[in-house]
Amino acid sequence: PPMRGWAISPDFANTIISIVRERKPRLILEAGSGVSTLVAAYCLKEIGKGTIISLEHEKQFAVISADNLMKHRLKDIATVIYAPLKEVVIRDKTWLWYDTAQLEKIEFIDMLIIDGPPGNIQKLARYPTLPILFKLLSDNAVILLDDGFREDEKKIVDLWLKEFNCFEYELVESEKGTIILRKTNR
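In short, a report on the structure.

Cut-offs and rules
- Residues numbered from 1 in each chain as written.
- Predicted model: local features only at pLDDT ≥ 70, side-chain atom pairs only at ≥ 80, totals over all residues.
- Heavy atoms only, no water.
- Helix = DSSP H or I, 4+ residues; strand = E, 2+ residues; numbered from the N terminus.
- Expected span 1.5 Å × (residues − 1).
- Buried < 20%, exposed > 50% of the residue type's maximum accessible area, 1.4 Å probe, protein only.
- Contact = heavy atoms within 4.5 Å.
- Core = buried A, V, L, I, M, F, W, Y, C linked by side-chain atoms within 4.5 Å.
- Salt bridge = Lys/Arg side-chain N within 4 Å of Asp/Glu carboxyl O.
- Polar contact = N/O pair within 3.5 Å; in protein donor to acceptor, adjacent residues only side chain to side chain.
- Pairing = 2+ DSSP bridges.
- Axes fitted to C-alpha atoms, helices over the stretch in contact; angles between N-to-C directions.

Helix length check: helix 2 (residues 35–47) (13 residues) gives 19 Å between terminal C-alpha atoms against 18 Å at 1.5 Å per residue, within 8%. Among the residues of helix 2, Val35, Ser36, Thr37, Leu38, Val39, Ala40, Ala41, Cys43 and Leu44 are the ones counted as buried. Among the structural elements, helix 1 (10–23), strand 1 (27–31), strand 2 (51–56), helix 3 (59–71), strand 3 (78–82) and strand 6 (109–114) are those in contact with the buried residues of helix 2.

And the structure:
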């Protein structure tokens, strides 16, 4: 599938490839499906282990992503879950985020790829990701956040770093800005 626009840029795909090869994650959870799902799944296939679960709030995109996984013969490695946005309360504020009902059996997340929900859903749309999923992150988890040059994403990361004092921060100069957070044992 084409890259750029709503889809990830080639340089973000390259970062996914590098991190998966370096970290060899057992489980990747992705917020937003698409080209990144294919890229991560191919990398997991290459290293011979791991799975990816991708949350998608738009039914049509969930179907497209699942079809692409089927076409590329990656269904045994990657799963797209249609997870409509629903209200969740975090620190007395109501947010819209993916329905996590189907994630109850997840024990840990080694890698988190965040490229959704889209910024036009609400201010700081991707903020709920870490408060909701933090307890599921493994001790050496890595988080990739796309669109790191956007003001909302910068504010989101500032909030996360204040609330969760256990991440090393890196901004990778890329087309849209890639933020990498590596969990440390502080």
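Looking now at the nonpolar core. Within the largest apolar cluster, 34 residues are counted, with the highest numbers of intra-cluster contacts made by Leu29, Ile109 and Trp160. When residues of this core are traced back to their parent elements, those giving at least two are strand 1, strand 2, strand 5 (93–98), strand 6, helix 4 (129–133), strand 7 (137–145), helix 5 (151–163) and strand 9 (178–183). The element contributing the most residues to this core is strand 7, with 4 residues. Residues contacting tryptophan 160, with those up to four places away along its chain left out, are Ile114, Arg126, Tyr127, Thr129, Leu130, Pro131, Leu145 and Leu181.

For the structure on display, the rule yields 13 salt bridges. Between glutamate 151 and lysine 154 there is a salt bridge, with its nearest N and O atoms 3.3 Å apart. Of this pair, glutamate 151 and lysine 154 both sit in helix 5, 3 residues apart, roughly one helical turn. Look at lysine 154 and you get partly exposed, because its relative accessible area is 36%. Three or more residues joined by partner-sharing salt bridges are found here, namely Asp115, Arg126, Asp147, Arg150 and Glu153.

This next bit is on the side chain of serine 54. Position of serine 54 among the secondary structure elements: in strand 2. Relative accessible area serves as the criterion here: at 0%, serine 54 is assigned to the buried category. Side-chain polar atoms of serine 54 contact the side chain of glutamate 30, separated by 2.8 Å. Every residue in contact with serine 54, bar those within four places of it in the chain, is listed here: Glu30, Gly32, Ser33, Thr37, Thr79, Val80 and Ile81.

So, on to the side chain of threonine 178. Residue placement: threonine 178 occurs in strand 9. Threonine 178 sits in the buried class, given a relative accessible area of 0%. There is a polar contact of 3.0 Å between the side chain of threonine 178 and the side chain of serine 174.

Counting buried residues along strand 6, 6 of its 6 residues qualify, which places the element largely inside the surrounding structure. In this sheet, strand 6 lies alongside strand 1 in parallel orientation, the contact comprising 4 bridges. Its bridge partner being in strand 6, alanine 31 is matched across the sheet by isoleucine 114. The pairing of strand 6 with strand 7 spans 5 bridges and is classified as parallel. Bridging from a neighbouring strand, methionine 111 pairs with valine 142 of strand 7.

Taken together, 7 strands build an open sheet; the order of strands is 3-2-1-6-7-9-8 and the sheet is mixed. Only two strands of the sheet have a single partner each, and these edge strands are strand 3 and strand 8 (167–172). Going across the sheet, the axis of each strand differs from the next one's by a mean of 15 degrees, ignoring polarity. Where strand 8 meets strand 9, 6 bridges bridge the pair, whose relative direction is antiparallel. Residue pairing in the sheet places valine 172 in a bridge with threonine 178 of strand 9. On the sheet, helix 1 packs against strand 1, strand 6, strand 7 and strand 9 and is oriented at approximately 165 degrees with respect to strand 7.

The values are spatial; any link to function lies outside them.
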